[in-house]
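Descriptive analysis of the structure
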Amino acid sequence: MGGFAQSSYYFPDEKFNPAIPSPEEFLGYPIGDWHTRYDLIVKYFEKLDQISPNAQIVTIGYTHERRPKIILTIASTGNLSNLEQIRVTQLQLADPSQAKPDVSKMPAIIHLGYGVHGNEPSSAEAAMLSAYWLLASQSELAQNLRENSVVHIDPTVNPDGRDRHSLWANSNKGFPPVADPLDREHNEAWPAGRTNHYWFDLNRDWLPLAHPESQSKIAWYHQWYPNVTTDFHEMGTNSTYFFEPTKPFGSENPVVPRKNYEDINVRFAKYFAEYMDEIGSLYWTKEVFDNSYPGYGSTYPDIQGGLGLVFETASSRGHLQSSQRGPISFAFTIRNQVVNSLATMEAALDNRVYMHDYLREFFETAVSEGQKDAAKNYLFGDEFDASRTQLFVKFLMDHKIKVYENTNDVNLGGYAFKKGKSYLVPTAQPQYRMVRTMFEEVKEFADSVFYDASAWTMAHAYGMPFANAPAAKVGNQLQTLPSSSFDFPSGKAYAYLIDWSDYYAPKLLFELQKEGIHLEQVGQPFSAETQIGARDFSAGALMIPMGFQSLDAEKVVELLQKHAKSTNQQVFAVKTGMNLKGIDLGSNLVGAITKPKAIMVVGPGISSAEAGEIWYLLDSQVGMPITKVNSDQMARVNLFDYTTLILPSGNYSDFSERTIAHLKDWANRGGTIISMKTASLWLNRIELTKESPVIIEGEAKDSNSLAFGDRGAFEGAKEVGGSIYMANLDLTHPIAFGYHRANLPIYRNSSIFIKPSSDKYLTPIRYVENPYLGGYISKPNLEKLKQSASVIISKTGQGRVIHFFDSPNFRGTWFGTNKLFLNALFFGDKMD
Ligand SMILES: [Zn+2]
């Protein structure tokens, strides 16, 4: 039987219960021969659930492409029948306000997570083998684990990406296999399988929760508070294997207790080393991999009283690939992940009581440290944007942060916090360390090289005004999410008005445009007599003039009412065009809004992350279809069919002369280009725009002579890896419509520094004098940044380019700056 040979490679000298089918018996091929399709992984786990009294499967959610997200739970029959009580006891342990349960009797809660990166496929195969071993092995360790732990296995955190990659690897497999790294099998096409459906890296999403895969995962996580969580990855083919501890201080998160890094990691690492020594596999620790950003699957658990563990194996990327140590097979990489899965379970079992005590201590110290925090309470809320405020409240509550009502109107830190429109987060609560993650600015670093973002103040991402409010009177705790609903004005109207301040105003605009309703934009502030009396509108308000509709008035009202309700927008009616203050409704500063039709360039050379952020924003928050054209198809595009061309960061040097001539012609005759970072450098190169880089007088030259060994650190320090700055908005410019405060936090992850426009009206967003709000940046780069623009507009004949040098849609979580991008999309033709 083939299964025997396979078992002897992965599990030498073990006896298995023959009633449980091995993955090979179930699938019909030895593990490592193929990249197993996700539906077959699910089927195998369903089979285990059917056959074994020790296994139980649940579906916790669905991916964008409707693949089920499953967890297989393995435990003794006694513990499985008592699972709900075990879960409740674990929650009680994590809640310092409840009596501490007797931990000596509690099973270890182990969470084996695999495959967050779709093209790091060894881990999901290892998930099947680990589940099989745990259910079928007759070894003392496996029996002991079944008896004294509850093991939750998530075989694939990112099923959509997994299948994208598996299809590639399987369909390019040769017989015999080709180990040459240049073979097509080892070189996936753009956008590759690492990311999810919208090209987002889910191993950044445990904090932002922008996607259903992470939303369901975090909801599940907080039902269990596992003592240990694994996160298996792959790296370059010439590498070996990495396990924690990560780099001391430089790669650590500032809110995680030192004990996690200095004691617990060391206890576990001993087991990983032993298991890897046993099979003669090479490995390393304490270098390279970052463990600081809270949105990693291996860092979030560290901020929840557990231990998060990252593992990285050399990748065969494909079924067999040459390396400096000879050919690396898929099976070899799978075995690395299997032995570390077993090592994790053994370490968790041996440290069962210790880890339970730590979980309790973690949340107890969170409360006591929170009591000492001088902020006492964070007060937040945007009086002009109920939807964005509600999104932030939901976000905090998804992370189990307790949020309370603010019962008074308070002016603090330059902001007005209105009763009913603002909320309080006390620091003295079990999730105090997540509270810090949401509100604190991180400005001190032990290192200058970052694998990723070095700033994650989520209140800034949501553009949320907030202040320390030590003396605040705290109202009731929110049990459900706040909501708002509005009465629709009755009677005949001369025009309807909609404020542009709310996060979902663009969605309503687009819904109405799709219905064929004629809308105009009021380009300056005004006051009007409405159904609720006099009301002030800021620049950018939408107006529906009832005398200029092609649909019947009744139909317009019906559609307006329907869409205003679904987007939660308040509609105001006026009976006259004569306003109380400011411009009137027929002013020359009022104009028709063109329905945008956008096309975005994607494909090889283009940043899939940035393109994915734009695609997801338009899909999920606006409901707007966007044409994604592959860069090699540009020659076929007639840009005159579109209002707007979106160029994400990337390399456009493959565009032909003919394509460039067409693009220039279209831009000169009125087209709008939205250009991101490096795309703007290309537009400069083809001389469509002529913007200038910031050069600092006497800029320090690189020293001529540095130690070879310092290269990584020195070069890395020059990058702007991801940090937060305060920008200054020109509130009279259409890009800032809907904003009420000139100051706005923005996210930057590029080192492109471009001077303000030579046209003094066309740099609507620059930085304040001291813009730094957190994250790593070198001193010379900060000096350059202060002299740079964040957004500029370049005229191109009748058209224009709107350049973004920052990231308004970063990770689907910068709700505070999304509107800058949407303004460019909806009002681009009004911006120059
Ligand atoms: Zn990875």
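Parameters at a glance
Residues numbered from 1 in each chain as written. Predicted model: local features only at pLDDT ≥ 70, side-chain atom pairs only at ≥ 80, totals over all residues. Heavy atoms only, no water. Pairing = 2+ DSSP bridges. Helix = DSSP H or I, 4+ residues; strand = E, 2+ residues; numbered from the N terminus. Buried < 20%, exposed > 50% of the residue type's maximum accessible area, 1.4 Å probe, protein only. Axes fitted to C-alpha atoms, helices over the stretch in contact; angles between N-to-C directions. Contact = heavy atoms within 4.5 Å. Expected span 1.5 Å × (residues − 1). Phe/Tyr/Trp six-rings, centres within 6.5 Å; stacked < 30°, edge-to-face > 60°. Parallel < 35°, antiparallel > 145°, perpendicular 65-115°, else oblique. Left-handed = near helix turned anticlockwise from the far one by under 90°. Nonpolar A, V, L, I, M, F, W, Y, C, P; charged D, E, K, R; others polar. Salt bridge = Lys/Arg side-chain N within 4 Å of Asp/Glu carboxyl O. Core = buried A, V, L, I, M, F, W, Y, C linked by side-chain atoms within 4.5 Å. Donors = N, O, S within 2.8 Å, 3.2 Å for Na, K, Ca; no water. Tetrahedral: all angles 85-135°; square planar, octahedral: opposite > 155°, others 65-115°. pLDDT = per-residue confidence, 0-100.

Attention now goes to the sheet that holds strand S20 (residues 533-537). Strand order in the open sheet formed by three strands is S20-S19-S23, and the pairing between neighbours is antiparallel. Of all the strands in the sheet, just S20 and strand S23 (581-582) have a single pairing partner and so form its edges.

Attention now moves to the pairing of strand S21 (residues 541-545). S21 sits mainly inside the fold: five of its five residues count as buried. Covered by surrounding structure in S21 are Ala-541, Met-543 and Pro-545 together with Leu-542 and Ile-544, the residues of both alternating faces. In this sheet, S21 lies alongside strand S17 (residues 495-498) in antiparallel orientation, the contact comprising four bridges. Of the residues in S21, the one forming a bridge with Ala-495 is Pro-545.

Turning to the sheet that holds strand S7 (residues 307-314), a few remarks are in order. Spatial strand order, S1-S2-S4-S3-S5-S7-S6: seven strands in an open sheet with mixed pairing. Among the strands making up the open sheet, the edge pair consists of strand S1 (55-62) and strand S6 (241-243). With direction set aside, neighbouring strand axes in the sheet form an average angle of 20 degrees. Sheet topology places strand S2 (residues 68-74) next to strand S4 (residues 149-154); three bridges connect them, and they run antiparallel. Across the sheet, Thr-73 pairs through a bridge with His-152, a residue of S4. Strands in contact with helix H3 (residues 38-51) are S1, S2 and S4; relative to S2, the strand with the most contacts, it is inclined by about 35 degrees. Where helix H7 (residues 140-148) meets the sheet, it contacts strand S3 (108-113) and S4, and its direction lies at approximately 95 degrees from that of S4.

Let us look at helix H11 (residues 330-350). Spanning 21 residues, H11 covers 31 Å between terminal C-alpha atoms, matching the ideal 30 Å at 1.5 Å per step. Most of H11 is tucked away, with 18 of its 21 residues classed as buried.

Glancing now at the packing of aromatic side chains. Taken as a whole, this structure holds 58 aromatic pairs when the rule is applied. Measuring from ring centre to ring centre gives 4.6 Å for Tyr-198 and Tyr-616, while their planes differ by 45 degrees; the resulting arrangement is tilted. Taken as a pair, Tyr-198 in the loop between helix H8 (159-171) and helix H9 (212-221) and Tyr-616 in helix H18 (residues 608-622) lie far apart in primary sequence, 418 residues in all. Centroid distance Phe-232 to Phe-311: 4.6 Å. Interplanar angle 15 degrees. Geometry classified as stacked. Of this pair, Phe-232 sits in strand S5 (residues 228-235) while Phe-311 sits in strand S7; the two residues are 79 residues apart in sequence, bridging distant segments of the chain.

Turning next to the packing of helix H10 (residues 258-279) against H11. For the pair H10 and H11, the least separation of the axes is 8 Å and the interaxial angle reads 140 degrees. On the basis of the axis angle, H10 is oblique to H11. The two elements H10 and H11 meet at a crossing, and its hand is right-handed. Contacts between H10 and H11 involve Phe-268, Tyr-271, Phe-272, Tyr-275, Met-276 and Ile-279 on the former and, on the latter, Arg-335, Asn-336, Val-339, Asn-340, Leu-342, Ala-343, Thr-344, Glu-346, Ala-347, Ala-348 and Asp-350. The residue makeup of the contact of H10 with H11, split by class, is eleven nonpolar, three polar and three charged.

Using the criterion set out here, one finds 35 salt bridges in the structure. The salt bridge involving Glu-610 is made with Lys-677; its shortest N-O contact spans 2.8 Å. With Glu-610 in helix H18 and Lys-677 in the loop between strand S28 (672-676) and helix H20 (678-685), this pair connects stretches of sequence that are 67 residues apart. Among the salt bridges present, the one from Asp-832 reaches Arg-800, with a minimum N-O distance of 2.8 Å. On the criterion of sequence distance, the pair formed by Asp-832 in the segment after helix H23 (815-827) and Arg-800 in strand S33 (residues 799-804) is long-range, its members being 32 residues apart. Given a relative accessible area of 4%, Arg-800 falls into the buried group. When salt bridges with common partners are traced through the structure, they connect Glu-65, Arg-67, Asp-160 and Asp-163 into a single cluster.

Right, let's get into H8. Given a rise of 1.5 Å per residue, 13 residues ought to cover 18 Å, and the 18 Å separating the end C-alpha atoms of H8 matches this to within 8%. Burial analysis of H8 places ten of its 13 residues in the buried class, the great majority of the element. Of the positions making up H8, those classed as buried are Pro-159, Asp-160, Gly-161, Arg-162, Asp-163, His-165, Ser-166, Trp-168, Ala-169 and Asn-170. Taken together, the buried residues of H8 touch H3, S2, helix H6 (122-136) and H9.

Here the focus is the nonpolar core. If you look at the biggest cluster of nonpolar residues, it comprises 202 residues, and the most contacted ones within it are Phe-45, Phe-268, Phe-380, Phe-392, Phe-439, Ile-544 and Phe-804. Excluding anything up to four places from it in sequence, Ile-544 contacts Tyr-494, Ala-495, Tyr-496, Ile-498, Leu-512, Ile-517, His-518, Leu-519, Gln-549, Val-556 and Leu-560. Ranked by size, the runner-up nonpolar core spans 23 residues in total, among them Ile-599, Leu-645, Ile-686 and Leu-688.

What follows is about the environment of Gly-306. Within the fold, Gly-306 resides in the loop between H10 and S7. You can call Gly-306 buried: its relative accessible area is 0%. Linking Gly-306 and His-356, residues 50 residues apart in sequence, is a C-alpha distance of 8.8 Å. Each residue touching Gly-306, except ones within four places of it in the same chain, is listed here: Pro-226, Asn-227, Asn-260, Pro-301 and Tyr-358.

Moving on, we come to the coordination of the zinc ion. Every protein donor of the zinc ion is accounted for by His-117 (ND1), Glu-120 (OE), Glu-120 (OE) and His-233 (ND1), and the metal-donor separations fall at 2.0 to 2.6 Å. Each of the four donor atoms bound to the zinc ion contributes to angles spanning 56 to 157 degrees, and the resulting shape is irregular. The sequence motif formed by the donor residues of the zinc ion is H-x2-E-x112-H. On the criterion of sequence distance, the pair formed by Glu-120 in the loop between S3 and H6 and His-233 in strand S5 is long-range, its members being 113 residues apart.

Across the chain, the average pLDDT comes to 95, with 96% of residues at 70 or higher. Across residues 1-5, where pLDDT falls below 50, the model places four contacts with residues more than four positions away in sequence or in other chains.

Quick look at the pairing of S4 now. Extensive coverage of S4 is indicated by the burial of six of its six residues. Residues Ser-149, Val-151 and Ile-153 point to one face of S4 and Val-150, His-152 and Asp-154 to the other, with burial holding for every one of them. Here S3 runs beside S4; their pairing, made up of six bridges, is parallel. When the bridges of S4 are listed, Ile-109 appears paired with Val-150.

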